[in-house]
Amino acid sequence: MTDRLITTPFGARTTAAEVLDGVGLTGKRALVTGAASGIGRETARVLAAAGAEVTIGVRDLAAGARAAEEITPASGPGTVRATMLDLADQGSVRGFVAAWRGPLHILVLNAGVMASPLQRTKEGWETQFATNHLGHFALATGLHGALAAARGARVVAVSSVGHVNGDVLFDDINFEHRPYDPWAAYSQSKTANVLFAVEASRRWASDLIAVNALNPGRITSTRLGRHIGDISHSPASFDPTSTDVSWKTIEQGAATSVLLAASPLTEGVTGRYFEDCDEAGPHRPGVRRGVAAHARDARRAARLWQVSLDMLAAAVTTA
């Protein structure tokens, strides 16, 4: 990260629609995961309103189809269609990738789960890491050719300020040898999102693929926090009364995603971490803002990339 942070005229209260006001995306193809509701849905809606051809990848195809119909623009070139995509199921991810045709200009890795009780995929992977990171990693790497064909594609990884609470637990990613902690699992998955952006931006620069990560803020009225009520001992830094994280509406929460996905203001920007529509500075202890050093470490990023490849390869071998 350079000493000079990137800033924009927008901020915590800016809506996604305001970020793309006057921006035309006709002829662009976008994919947004987890877009049947919440900020993913709003991200897809605003991209389509700007003229993009948007695909939303969803686990519940009926809910996704309803969302696509509701957010497709009444007029203009923009469209929205729903396609089945379960990020916790590597077979579903492989099927989606195999079916994709043509270039992909915008990929928003938005779907996620937070602080869920211990669950495992059929591979034995802890579900938060499997969904929030491995599913998106497999999707993005699988679609690399489509992204490269766009000659200027953008990949946006929706992380969280929760990443500051913990690094990737490389010695026990799946909590096989230590007691399961839902918040530690969530934090490592969100750190993984940032590390993915760091390494992908390095690997894919020659393909003109920009990759950035972001903290959308704490969003009211979404399903992401549906498991929190089951957790009786969450860290104090996740307390709902915290004033360090920007509380936002869904419309405001999608703003940083669309800024990185489509705004001319972030053209050519890659390998960065944004919050409130500006590049974030380093995290400072005791403050719920900024990007943690462990999430920007190039060696950790390269290690995670290789670990992820190895886990996916093993999954294919045993499928």
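Note that this is a predicted model, so its numbers are computed, not measured. (Residues numbered from 1 in each chain as written. Predicted model: local features only at pLDDT ≥ 70, side-chain atom pairs only at ≥ 80, totals over all residues. Heavy atoms only, no water.)

**Points about the overall build of the chain**
Stage number 1. For the chain, the helix and strand inventory stands at 10 helices and 10 strands.
Stage number 2. The globule rule puts the C-alpha radius of gyration for 319 residues at 20 Å, and the 18 Å found for the chain is close to it.
Stage number 3. Seen along its three principal axes, the alpha-carbon backbone of the chain occupies a region of about 55 × 45 × 40 Å.
Stage number 4. By sequence separation, contacts in the chain at least 24 residues apart represent 79% of the contacts at least 6 residues apart.
Stage number 5. In the chain, which carries 31 positive and 30 negative side-chain charges, the distance between the mean positions of the two groups comes to 3 Å. (Helix = DSSP H or I, 4+ residues; strand = E, 2+ residues; numbered from the N terminus. Rg over C-alpha atoms; globule rule 2.2 N^0.38 Å. Contact = heavy atoms within 4.5 Å. Lys, Arg positive; Asp, Glu negative; His and termini not counted. Charge placed at Lys NZ, Arg CZ, Asp CG, Glu CD.)

**Notes on helix α2 (residues 38-49)**
Stage number 1. Along its 12 residues, α2 runs 17 Å from first to last C-alpha, staying within 8% of the 16 Å computed at 1.5 Å per residue.
Stage number 2. Those residues of α2 that sit buried are Gly38, Ile39, Gly40, Glu42, Thr43, Ala44, Val46, Leu47 and Ala48.
Stage number 3. Within two residues after α2, Gly51 carries a phi angle of roughly 110°, on the positive side. (Expected span 1.5 Å × (residues − 1). Buried < 20%, exposed > 50% of the residue type's maximum accessible area, 1.4 Å probe, protein only.)

**A few points about the side chain of His294**
Stage number 1. For His294, the position within the fold is in the loop between β10 (278-279) and α10 (298-318).
Stage number 2. Of the polar contacts made by the side chain of His294, one reaches the backbone oxygen of His163; its length is 3.0 Å.
Stage number 3. A distance of 3.3 Å separates the side chain of His294 from the backbone oxygen of Gly166, its partner in a polar contact.
Stage number 4. Apart from the residues within four sequence positions on either side, His294 is in contact with His163, Val164, Gly166, Asp167, Thr191, Leu195 and Arg300. (Polar contact = N/O pair within 3.5 Å; in protein donor to acceptor, adjacent residues only side chain to side chain.)

**Here's the deal with the nonpolar core**
Stage number 1. Leu107, Leu139, Phe196 and Trp204 are the most contacted members of the largest nonpolar core, which has 51 residues in total.
Stage number 2. At the level of secondary structure, the elements contributing two or more residues to this core comprise α4 (90-99), β4 (106-109), α5 (127-142), α6 (144-149), β5 (154-158), α7 (182-203), β6 (210-215) and α10.
Stage number 3. Not counting residues within four places of it along the chain, the set of residues in contact with Trp204 comprises Ala140, Thr141, His144, Leu147, Phe196, Ile209, Val211 and Trp305.
Stage number 4. Counting residues in hydrophobic clusters, the runner-up holds 40 residues, among them Ala44, Val54, Val158 and Ile219. (Core = buried A, V, L, I, M, F, W, Y, C linked by side-chain atoms within 4.5 Å.)

**A short note on the packing of α5 against α7**
Stage number 1. Where α5 contacts α7, the axes come no closer than 7 Å and their chain directions differ by 20°. When the interaxial angle is binned, α5 and α7 end up roughly parallel. The way α5 lies across α7 gives a crossing that is left-handed. For the pair α5 and α7, the contacting residues are Gln128, Phe129, Asn132, His133, Phe137 and Ala140 in the first and Pro182, Ala185, Tyr186, Gln188, Ser189, Lys190, Ala192, Asn193 and Phe196 in the second.
Stage number 2. Broken down by class, the residue content of the contact of α5 with α7 amounts to 8 nonpolar, 6 polar and 1 charged. (Axes fitted to C-alpha atoms, helices over the stretch in contact; angles between N-to-C directions. Parallel < 35°, antiparallel > 145°, perpendicular 65-115°, else oblique. Left-handed = near helix turned anticlockwise from the far one by under 90°. Nonpolar A, V, L, I, M, F, W, Y, C, P; charged D, E, K, R; others polar.)

**Considerations on the pattern of salt bridges**
Stage number 1. Enumeration over the complete set of coordinates arrives at 14 salt bridges.
Stage number 2. Asp172 is the salt-bridge partner of Arg178, the closest N and O atoms lying 3.2 Å from each other.
Stage number 3. Each of Lys248, Glu275, Asp276 and Arg289 takes part in one network of salt bridges that share partners. (Salt bridge = Lys/Arg side-chain N within 4 Å of Asp/Glu carboxyl O.)

**Some thoughts on the pairing of β5**
Stage number 1. For β5, a buried count of 5 out of 5 residues is recorded, marking the element as mostly surrounded by other parts of the structure.
Stage number 2. Note: β4 against β5, 4 bridges, orientation parallel. Paired with Val108 across the strands is Val156, a residue of β5. (Pairing = 2+ DSSP bridges.)

**Let's talk about the sheet that holds strand β1 (residues 29-33)**
Two modes of strand pairing occur in sheets, parallel and antiparallel, and in both the strands are linked by backbone hydrogen bonds.
Stage number 1. Spatially, 8 strands are ordered β3-β2-β1-β4-β5-β6-β9-β10 in an open sheet, and the strand pairing comes out mixed. In this open sheet, the two strands that pair with only one neighbour each are β3 (79-84) and β10.
Stage number 2. Note that β1 and strand β2 (residues 53-58) share 5 bridges and pair parallel. Paired with Ala30 across the strands is Val54, a residue of β2.
Stage number 3. On the sheet, helix α3 (residues 61-71) packs against β2 and β3 and is oriented at approximately 175° with respect to β3.

Just geometry here; none of it tells us what the structure is for.
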